[in-house]
Amino acid sequence: MKRAGLMIAAAMAAQAHVGSPDVFFEGSAGPYPLLVTMRPPAVIPGVAEIEIRSSSPDIREIRVAPTPLTGAAANHPPTPDVLQRSKLDAQFFTGSVWIMAPDEWQVRIQVDGGQGTGRISVPLPAVATATKSMRFAVGAFLFVMMLVLVVGMVSIVGAGAREGQLVPGAQATAASKRRARILMAATAAIIVLTLWGGDRWWSAEASGYAGNLYKPMEMTAAVDAHGKLTLALKNPPWSMQKLLYDFIPDHGHLMHLYMIQEPDAGRVWHLHPNMTDPGVFTHDLPPIPAGRYKLYADVVHSIGFPETMTAELTLDHDLTGTPIAGDDAAGVRGESQDGAHIVWDRPASIPARAASVFKFRLVDRDGNPVRDMELYMGMLGHAAFVKDDGTVFAHVHPSGSVAMAALALANPGAEDHSMHHMMSGPPAEADFPYGFPKAGRYHVIVQMKHGGVIETGIFDTDVID
């Protein structure tokens, strides 16, 4: 058997996801169900915007406070800020918090209302991803003002040297004029030198900040003659180097890998490679036809910081592979193993940059809810929202876009609601809170489990501005 192919790494400027930095969370703060949207700042220090909608009508006040997710500072939150209730919608609250340094943060939410006090902490990955340039009009105005000040300062020095010691009515002498010209030239030189030094200092500061702009870990992939996939991670040229071995399990796995067929997402694999060396993950691939594939690999660092690496893989011939097993899943658009399939209760239109809750149902061949629904890796389902050009990827759960490992760190000892599903039988439906970051065409990949079978639904949708 010949070599199956190599991939070229393609790292995207994102953190927990690719091109989708906003955080969406659906859960409860005590007795109060909440839909939380958090928009981290692109520049740090900066302000994170927070929106919270509750289905409980008896909330009096919501307070929020940011702290690092781990470390000593996590035990010393600042004075919380009170969110503002919308005048048009009494169950919608907005506000903001300051994020002072790049880190894995959490926003502690405290809700007070008629049913007492409820608390929940929502992880917020926050890293600098952009620099803010000065607007041209502001820059031009400041430049003109600088020229006025420079000319004024030089003129004042010249006038003082030339006429400062003259008696009233006397004319400046040639010597005083010469002294004035010398002092004006010296003053101009000092000012120019000062401005040059300031420019050098500012350029150094800007360069240092640019070095802190977040860059995700890079990933390369290769498949050997036996169908084994090897993913190699490495640190990018970023001032904040990350460990390549400090990953923690998320849903029982160190890595969640989506392998999506290009260009139409006609086939999808959800795999879970194992780490065999620091920064090296391997997996025996299942049967996969030749073609081009986009790879998205999710990991979570020990501090709760999630990352998604991307890569491309071209297989020049079909892989016979090994049978798929465990939590691994494969799906083909429009196909089902037993007639059961996933249905999307699709809204009439989907606007960009707006939080929504998308509902999917798992039905049998007759369109009735399946009776043997199971949890898939502890959840009612898993979903991936992928833009058709690969610039957006988000792995989302019914609790939202937050990594479950980070959520567990933010809420130690919190009750596992999935146990209630296990005791009473999970419903054959799953809701996924998410907001598409920009307009365009997307693939939506949903996986749900029943009777030991993992079903995959692949949908296309258009998002509007």
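For the structure given in this document, a descriptive report is provided here. (Residues numbered from 1 in each chain as written. Predicted model: local features only at pLDDT ≥ 70, side-chain atom pairs only at ≥ 80, totals over all residues. Heavy atoms only, no water.)

So, about the overall build of the chain. Per the secondary structure count, the chain includes four helices and 27 strands. Radius of gyration (C-alpha) of the chain: 29 Å, far over the 23 Å computed for a compact globule of 465 residues. C-alpha extents for the chain along the principal axes are approximately 110 × 65 × 45 Å. For the chain, restricting intrachain contacts to residue pairs at least 6 apart in sequence, the fraction spanning at least 24 positions comes to 70%. Here the chain displays about 22400 Å² of accessible surface, and carbon together with sulfur accounts for 58% of that area. Taken together, the 36 basic and 46 acidic charged side chains of the chain have centroids lying 13 Å from each other. (Helix = DSSP H or I, 4+ residues; strand = E, 2+ residues; numbered from the N terminus. Rg over C-alpha atoms; globule rule 2.2 N^0.38 Å. Contact = heavy atoms within 4.5 Å. Areas by Shrake-Rupley, 256 points an atom, 1.4 Å probe, with all protein chains shown as cover. Lys, Arg positive; Asp, Glu negative; His and termini not counted. Charge placed at Lys NZ, Arg CZ, Asp CG, Glu CD.)

On to the sheet that holds strand 9 (residues 103-113), then. The sheet built from four strands is open, its strands ordered 6-5-9-10 with antiparallel pairing. If you trace the sheet from one side to the other, it starts and ends with strand 6 (81-82) and strand 10 (116-126), each paired once. As paired strands, strand 9 and strand 10 are joined by 11 bridges and run antiparallel to one another. Within the sheet, the bridge partner assigned to Q106 lies in strand 10 and is P123. (Pairing = 2+ DSSP bridges.)

A word on the pairing of strand 24 (residues 393-396). Of the two faces of strand 24, the one carrying F393 and H395 and the one carrying A394 and V396 are both buried. The pairing of strand 23 (residues 382-387) with strand 24 spans four bridges and is classified as antiparallel. Looking at strand 24, one finds that F385 is bridged to A394. Between strand 23 and strand 24, which pair antiparallel and follow one another directly, the connecting turn spans five residues, one of which, G390, has a positive phi of 80 degrees. (Buried < 20%, exposed > 50% of the residue type's maximum accessible area, 1.4 Å probe, protein only.)

Here E307 shows up in strand 18 (residues 306-315). Residue E307 is classed as buried on the basis of its relative accessible area of 0%. Engagement of the side chain of E307 in a polar contact is seen with the backbone nitrogen of M217, the distance being 3.4 Å. Within the structure, E307 has its side chain in polar contact with the side chain of H301 (distance 2.7 Å). (Polar contact = N/O pair within 3.5 Å; in protein donor to acceptor, adjacent residues only side chain to side chain.)

Taken together, M134, V138, F141, L142 and M145 make up a surface patch of nonpolar side chains, about 470 Å² in accessible area. Given a relative accessible area of 36%, M145 falls into the partly exposed group. (Patch = residues over 30% accessible without salt bridge, like charges linked within 9 Å, V, L, I, M, F, W, Y side chains within 5 Å. Salt bridge = Lys/Arg side-chain N within 4 Å of Asp/Glu carboxyl O.)

Take it as geometry only, folks, not as evidence of what the structure does.
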